[in-house]
Structures are given as C-alpha cells and as structure tokens.
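# Notes for the structure review
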Amino acid sequence: MNEKKDVNELWQDFIVSKDLGWESQATLQKLLNEYPTEALERMQVWAERDWLKHDAESCLNAAAVGHPIADLSDVEQEIGVRMTTVLAVVVEFDAHFRRDMGHRVVRELIEEIRQSRSRRCDALSGGLGATESQGRPTYSLEA
C-alpha cells in the first residue's frame, strides 16, 4: 500500500538519510519564511516542474526571483532577502537536492508557510470591523 506521506514523515525520511548534522526542518522553514509570498510561489512552481538544479540559472534562489541570476546578490537586490539568508538557502537546498530529487519536502514546507500566511491574513482582516454579508466581508464607515 503506497500512502501519501505528510511533510513530517517526508522530513523524517530526509533526516534519517542526511549526513550533515545541523540541518533541520525548523531551519529550512525559518529561512524560507524570510522570502516574500510571491517568491515562495515561484519556488513551488519551479519545484513542481522539476526546474530546480544546482546552477545559478535554475537554483532555488533563481526560482525565487523568477529568472536565472548572475550571482546571489541579485536575490537581495530584487526581492530584498538578506544575503545571509540567501547563502543559507543555497546550503540547505544543496543538501535537499541530493536526497529529494522530486523536491517534495521543499514543496510541502513552502505550502505550509503559504497556508500559515493566508490564515494570518484572514485573521487580521476578520478583526478590522468586517461584517459578513453573503459570504463576503463588508466594511461600514458608520460609527
């Protein structure tokens, strides 16, 4: 029976096979969380299409900006992610690339971040005086 594994099970599979002692799901999630949502969406699409490789034209950071990059400073300049984060993502992605050729862990972690952001946005917009009218929020200017 071939059941679909959740992200924690995929991560556990990765941990069991890893040879670098400092990698963790929390580290990767923290790094990816510093990327704008639009960048994460591009990363996810590139991973799904199997466009991610080790070179500057198709690495995870190139996916973040949506085009091949000359060097990592392009990412900092174009989407505002700090260079230390960009460099750490390179190291993390290289470790993942060797073990997760289908990029399932990366895709699942990005999806978790996107869903978390979506829930936060929904919670924030729900607390700003919105009323429900036919399933859509409406805002009243009357006090």
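Calculation notes
- Residues numbered from 1 in each chain as written.
- Predicted model: local features only at pLDDT ≥ 70, side-chain atom pairs only at ≥ 80, totals over all residues.
- Heavy atoms only, no water.
- Helix = DSSP H or I, 4+ residues; strand = E, 2+ residues; numbered from the N terminus.
- Buried < 20%, exposed > 50% of the residue type's maximum accessible area, 1.4 Å probe, protein only.
- Contact = heavy atoms within 4.5 Å.
- Salt bridge = Lys/Arg side-chain N within 4 Å of Asp/Glu carboxyl O.
- Core = buried A, V, L, I, M, F, W, Y, C linked by side-chain atoms within 4.5 Å.

## Concerning the environment of L52
Considering the arrangement of structural elements, one finds L52 in the loop between α3 (37-48) and α4 (60-65). In this structure, the C-alpha to C-alpha distance between L52 and A62, residues 10 residues apart in sequence, is 8.7 Å.

## Things to note about the side chain of T85
On the secondary structure map, T85 appears in helix α6 (residues 83-99). T85 sits in the buried class, given a relative accessible area of 2%. Among all residues touching T85, those that are not within four sequence positions of it are L31, E34 and Y35.

## Some thoughts on the pattern of salt bridges
If charged atoms from side chains of opposite charge come close, those side chains can pair. For the structure on display, the rule yields 4 salt bridges. Taking the shortest distance from any N to any O, the salt bridge between R82 and E34 comes out at 2.8 Å. With a gap of 48 residues between them, R82 in the loop between α5 (73-79) and α6 and E34 in the loop between α2 (25-33) and α3 connect regions that are remote in the sequence. Look at R82 and you get partly exposed, because its relative accessible area is 46%. Of the residues examined, E34 reaches a relative accessible area of 31% and is grouped as partly exposed. The salt bridge partner of R114 is E111, with a shortest N-O separation of 3.3 Å. With R114 and E111 both in helix α7 (residues 104-126) and 3 residues apart, the pair spans about one turn of that helix. For R114, a relative accessible area of 26% corresponds to the partly exposed category. Using a relative accessible area of 26% as the deciding quantity, one classes E111 as partly exposed. Beyond isolated ion pairs, a larger network of salt bridges with shared partners links E41, E111 and R114.

## A short note on unusual backbone geometry
One non-glycine residue, D50, lies in positive phi territory at about 60°. Mapped onto the fold, D50 is located in the loop between α3 and α4.

## Let's talk about the nonpolar core
Ranked by internal contacts, the top residues of the largest apolar core, which has 31 residues, are L32, Y35, M43 and L60. Of all elements in the fold, only α1 (7-17), α2, α3, α4, α6 and α7 reach the threshold of two or more residues within this core. The contact partners of M43, leaving out residues within four places of it in the chain, are L32, Y35, L52, L60, A63, A64 and I110.

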